[in-house]
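Descriptive structure summary
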Amino acid sequence: MLKILTAEQIRALDAHTIMNEPITSVDLMERAGQAFVSWFCRHVDVVQTVGIICGTGNNGGDGLVIARLLLTYNYKVKVWIVRGESKESTDFTANLNRIATKHLVNEISNEQELSSSDFTDCHVLIDALFGTGLSRKVVGLQEAVIKKMNDTTAYKIAVDVPSGLQIDKPSIGTIFKADFTLTFQLPKLAFLLPENFQYVGNWQVVRIGLDKKFIETSDTKHFLLEKKDVKAILKPRNKFDHKGNNGKALLIAGSYGKMGAAILAARAAMRTGLGLLTTHVPSACLTIIQNSAPESMASVDGHEHYFTTTPSCEDIDAVGVGPGIGLHNETKRAFEKLLQQSKKPLVVDADAITLLANHPSLLLLLPPQSILTPHPGEFRRLVGDWANDFDRLEKQKNFSKQIGGIVVLKGAHTSITSPNGKVYFNSSGNPGMATAGSGDVLTGMIMSLLAQGYKPLDAAIVGVFLHGWAGDLAVRKMGEISLIASDIIDFIPPAYHDLR
Ligand SMILES: NC(=O)C1=CN([C@@H]2O[C@H](COP(=O)(O)OP(=O)(O)OC[C@H]3O[C@@H](n4cnc5c(N)ncnc54)[C@H](O)[C@@H]3O)[C@@H](O)[C@H]2O)[C@@H](O)CC1
Ligand SMILES: [K+]
């Protein structure tokens with residue numbers, strides 16, 4: 001699990017590494033520059049002209065290291081130093097002195113120099129204006145430089161952080177729009193929020209050897225999940241296992257015309273390793289579920305077309321409710337009865353979430369540790385609108401606390417919040433998974449894991465990561481455009497295989 005630290009914590013981490021490794025700050029800067037260049041040389045052809053725009057702080061210092069190293073690898077490099085009110089940092093100055101080919105370095109100290117600076121013949125632009133030291137909105141000359149960079153057609157790469165982006169709070173003003181951000185040592189919170197994708201682009205972490213112990217002891221509530229975290233949670237199968245001890249689940253899903261949701265969730269639950277599944281369906285839909293998910297038993301509702309009669313949860317390890325059930329009054333009443341009789345955590349999705357939003361008194365009936373899996377639209381119905389994605393995250397944390405349960409807010413980097421305020425961001429998955437039924441598959445998977453005895457938070461973490469990983473395997477064969485929800489189910493087995 002990668003910890004996500006604030007800008008202040010990262011500054012302390014840098015300082016601690018310099019003191020304790022020990023390493024001089026200029027050598028640490030060299031290491032950061034080398035890490036950047038090692039990635040760069042593997043991804044950018046040497047025939048490309050590279051423009052590097054540097055501030056006069058340490059981010060700019062990184063830019064100068066990168067310039068010097070790229071020159072040794074025979075890239076055609078042009079450097080622009082943007083001068084503002086801030087003084088040169090010591091390591092910036094040291095690295096400026098190390099550049100032998102001074103004629104490649106241009107200065108931008110005023111609007112006039114900016115207008116005569118031509119970035120247009122650069123194939124690649126590297127932004128080293130501001131990094132984690134940004135403390136306020138970018139204005140004046142620096143803002144004009146960022147705008148000019150954004151206006152070019154060059155492939156844009158940010159060093160550590162796109163200039164103008166605050167890493168741990170909402171940003172205002174002009175921000176560099178990177179196609180790619182190579183960030184040092186740890187992921188940054190802002191990178192995980194949808195509103196910042198336009199600035200951060202795709203991103204990757206490169207390690208620069210910052211102090212591991214300091215990171216381990218740093219306090220944070222934000223984490224990025226890695227494959228090895230999920231591997232560590234997975235339970236092995238036992239030689240003497242039988243279907244009875246691999247979990248019994250009850251899925252309440254589907255209605256007339258929306259049976260696909262039930263089928264996808266049921267099939268995903270079985271592929272995720274469930275022992276026994278009962279799917280509760282309207283009477284007119286019995287044949288559909290029996291034909292499409294033969295591994296599931298069926299429980300038949302009193303109504304032909306939608307959920308009205310609450311099945312018994314006795315002897316059931318986990319219940320999943322919501323996909324495709326609709327919003328009828330009788331469905332609301334049956335759902336309410338289900339909540340009243342449930343003693344164990346439930347997995348609540350889709351229409352069941354909308355019922356909770358439409359009838360907030362139902363929230364009080366949710367068993368503790370229940371898992372809600374809203375998409376942003378459903379989440380908005382639950383908590384109202386948000387001012388920005390940091391605010392959305394706060395609302396998600398507060399809502400988890402309020403219901404004493406786990407909220408899985410779906411999207412790229414799905415966030416999983418637990419009542420103790422911790423947030424786990426997913427690192428698997430791809431845009432191909434933004435397709436009808438993908439959420440139903442996730443519900444089936446999480447319900448399956450919960451029934452198999454995973455703790456609710458673990459069921460959510462494993463379910464979300466495995467779902468994304470299956471999607472990542474599926475996309476290689478199917479492509480982003482053609483991928484459909486059933487493909488995700490088909491790739492659960494190799495995804496499990498990869499994680500074992
Ligand atoms: N400190 C270290 O040991 C290391 C730092 N590294 C690099 O250093 C960066 C952080 O460097 P700095 O702390 O020097 O800060 P930056 O280089 O991000 O910013 C430089 C300075 O600009 C000023 N400033 C902030 N916001 C401004 C604004 N809106 N308009 C005008 N001026 C503004 C501040 O005085 C700030 O210190 C990291 O992002 C990373 O790239 C790396 O070299 C790794 C090691
Ligand atoms: K930058």
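Worth saying up front: this structure is predicted, and the values here are computed from it rather than measured. (Residues numbered from 1 in each chain as written. Chains lettered and ligands numbered in written order. Predicted model: local features only at pLDDT ≥ 70, side-chain atom pairs only at ≥ 80, totals over all residues. Heavy atoms only, no water.)

A few words on the overall build of the protein chain. Counting secondary structure elements, the protein chain contains 19 helices and 18 strands. Each of the three principal axes of the protein chain carries a C-alpha extent, and together these read 80 × 45 × 40 Å. Looking at the protein chain as a whole, 57% of its 500 residues are labelled buried. Counting contacts in the protein chain only where the partners sit at least 6 residues apart, residues at least 24 apart contribute 71% of the total. Split by element, the accessible area of the protein chain, about 21,100 Å² in all, is 52% carbon and sulfur. Charge separation in the protein chain, taken as the distance between the mean sites of 51 positive and 50 negative side-chain charges, equals 4 Å. (Helix = DSSP H or I, 4+ residues; strand = E, 2+ residues; numbered from the N terminus. Buried < 20%, exposed > 50% of the residue type's maximum accessible area, 1.4 Å probe, protein only. Contact = heavy atoms within 4.5 Å. Areas by Shrake-Rupley, 256 points an atom, 1.4 Å probe, with all protein chains shown as cover. Lys, Arg positive; Asp, Glu negative; His and termini not counted. Charge placed at Lys NZ, Arg CZ, Asp CG, Glu CD.)

What follows concerns the nonpolar core. Counting 63 residues, the largest nonpolar core has Phe 40, Ile 52, Leu 70, Ile 126 and Phe 425 as the members making the most contacts within it. Of the residues that make up this core, three or more belong to each of domain 1 (2–220) and domain 2 (227–499). Beyond its immediate chain neighbours, meaning those up to four positions away, Ile 52 contacts Gly 63, Ile 66, Ala 67, Leu 70, Val 77, Lys 78, Val 79, Trp 80 and Ile 126. In terms of nonpolar packing, the next biggest core, distinct from the first, is built from 59 residues, Ile 406, Ala 460, Leu 473 and Ile 492 among them. (Core = buried A, V, L, I, M, F, W, Y, C linked by side-chain atoms within 4.5 Å. Domains from an automatic or database assignment.)

Glancing now at unusual backbone geometry. Along the chain, Glu 21 connects to Pro 22 via a cis peptide bond; the corresponding omega equals -15°. The residue Pro 22 is located in the loop between α1 (7–20) and α2 (25–43) in this model. If you check the backbone angles, Asn 74 has positive phi at about 70° while not being a glycine. By secondary structure assignment, the location of Asn 74 is in the loop between α3 (58–72) and β3 (76–82). Although it is not a glycine, Ala 350 sits at a positive phi angle of roughly 50°. A residue is classified by how much of its surface remains accessible, and Ala 350, at 13% relative accessible area, is buried.

A word on the pairing of strand β10 (residues 248–252). Of all five residues making up β10, four are buried, and the element is well covered by its neighbours. The sheet contact formed by β10 and strand β11 (residues 276–281) spans five bridges and is parallel. What sits directly across from Lys 248, in β11, is Leu 276. The parallel pair β10 and β11, bridged by helix α10 (residues 259–271), forms a crossover whose chirality is right-handed. For β10 and strand β13 (residues 318–321), the ladder comprises four bridges, and the chain directions are parallel. Within β13, the position partnered with Ile 252 by the bridge is Val 321. (Pairing = 2+ DSSP bridges. Right-handed = clockwise from strand over helix to strand, strands pointing away.)

Applying the stated criterion to the full structure yields 17 salt bridges. The shortest N-O distance in the salt bridge between Arg 31 and Glu 21 comes to 2.8 Å. Note that Arg 31 is positioned in helix α2 and Glu 21 in the loop between α1 and α2, a separation of ten residues in sequence. For Glu 21, a relative accessible area of 39% gives the class partly exposed. One salt bridge in this structure joins Lys 332 and Glu 336, with 3.3 Å as the shortest N-O distance. (Salt bridge = Lys/Arg side-chain N within 4 Å of Asp/Glu carboxyl O.)

Per the UniProt record, "binding site: K(+)" (unreviewed entry) is annotated on Asn 59, Asp 127 and Ser 163. A maximum C-alpha distance of 9.4 Å places the annotated residues, which cover 105 residues in sequence, within one compact spot. Checked against the element boundaries, Asn 59 lands in helix α3. Among all residues touching Asn 59, those that are not within four sequence positions of it are Asp 127, Ala 128, Leu 129, Phe 130, Gly 131, Val 159 and Asp 160. Its location among the elements puts Asp 127 in strand β5 (residues 124–128). Judged by relative accessible area, Asp 127 falls into the buried class, the value being 0%. Excluding residues within four positions of it along the chain, Asp 127 makes contact with Ile 53, Asn 59, Met 149, Ile 157, Ala 158, Val 159, Val 161, Pro 162, Ser 163 and Phe 176. (UniProt positions renumbered as here; feature names shortened; annotations may be inferred.)

Okay, the site of ligand 1 next. In the region of ligand 1, 22 residues are neighbours, and Asn 59, Asp 62, Gly 131, Arg 136 and Asp 160 sit closest. Between ligand 1 and Ser 135 there is a distance of 3.0 Å, counted from a nitrogen atom to a backbone nitrogen or oxygen. Against a free-state accessible area of 850 Å², the protein chains account for coverage of 83% of ligand 1. Breaking the shell around ligand 1 down by element, the ones donating at least two residues are α1, α2 and α3. Residues that form the shell around ligand 1 fall into these classes: nine nonpolar, eight polar and five charged. (Near = heavy atom within 4 Å. Polar contact = N/O pair within 3.5 Å; in protein donor to acceptor, adjacent residues only side chain to side chain. Nonpolar A, V, L, I, M, F, W, Y, C, P; charged D, E, K, R; others polar.)

Taken together, the protein ligands of the potassium ion (ligand 2) are Asn 59 (OD1), Asp 127 (O), Asp 127 (OD), Phe 130 (O), Val 159 (O) and Val 161 (O), with distances of 2.5 to 3.1 Å. For the potassium ion (ligand 2), the six donor atoms in the first shell make angles of 69 to 149° at the metal, so the coordination geometry reads as irregular. Of note, the potassium ion (ligand 2) draws all its donor residues from one chain, in the sequence arrangement N-x67-D-x2-F-x28-V-x1-V. With Asn 59 in helix α3 and Val 159 in strand β6 (residues 155–159), this pair connects stretches of sequence that are 100 residues apart. (Donors = N, O, S within 2.8 Å, 3.2 Å for Na, K, Ca; no water. Tetrahedral: all angles 85-135°; square planar, octahedral: opposite > 155°, others 65-115°.)

Moving on, we come to the UniProt feature "domain: YjeF N-terminal" (unreviewed entry) in the protein chain. The UniProt feature table records "domain: YjeF N-terminal" (unreviewed entry) at residues 10–216. For residues 10–216, the end-to-end C-alpha separation is 13 Å, with 38% helix and 18% strand making up the annotated structure.

This part is about the sheet that holds β5. Judged by pairing direction, the sheet is parallel, and its seven strands sit side by side in the order β4-β3-β2-β5-β6-β7-β8 without closing on themselves. Where the open sheet ends on each side, the last strands, each with one partner, are β4 (105–108) and β8 (202–206). For this sheet, the mean inter-axis angle between neighbouring strands, taken without regard to orientation, is 20°. Alignment of β5 against β6, held across four bridges, turns out to be parallel. Following the sheet pairing, Leu 125 is matched in β6 by Lys 156. Where α3 meets the sheet, it contacts β2 (49–54), β3, β5, β6 and β7 (180–184), and its direction lies at approximately 155° from that of β2. Each of β2, β3, β4, β5 and β6 touches helix α6 (residues 140–150); the most contacted strand, β3, lies at about 150° to it. (Axes fitted to C-alpha atoms, helices over the stretch in contact; angles between N-to-C directions.)

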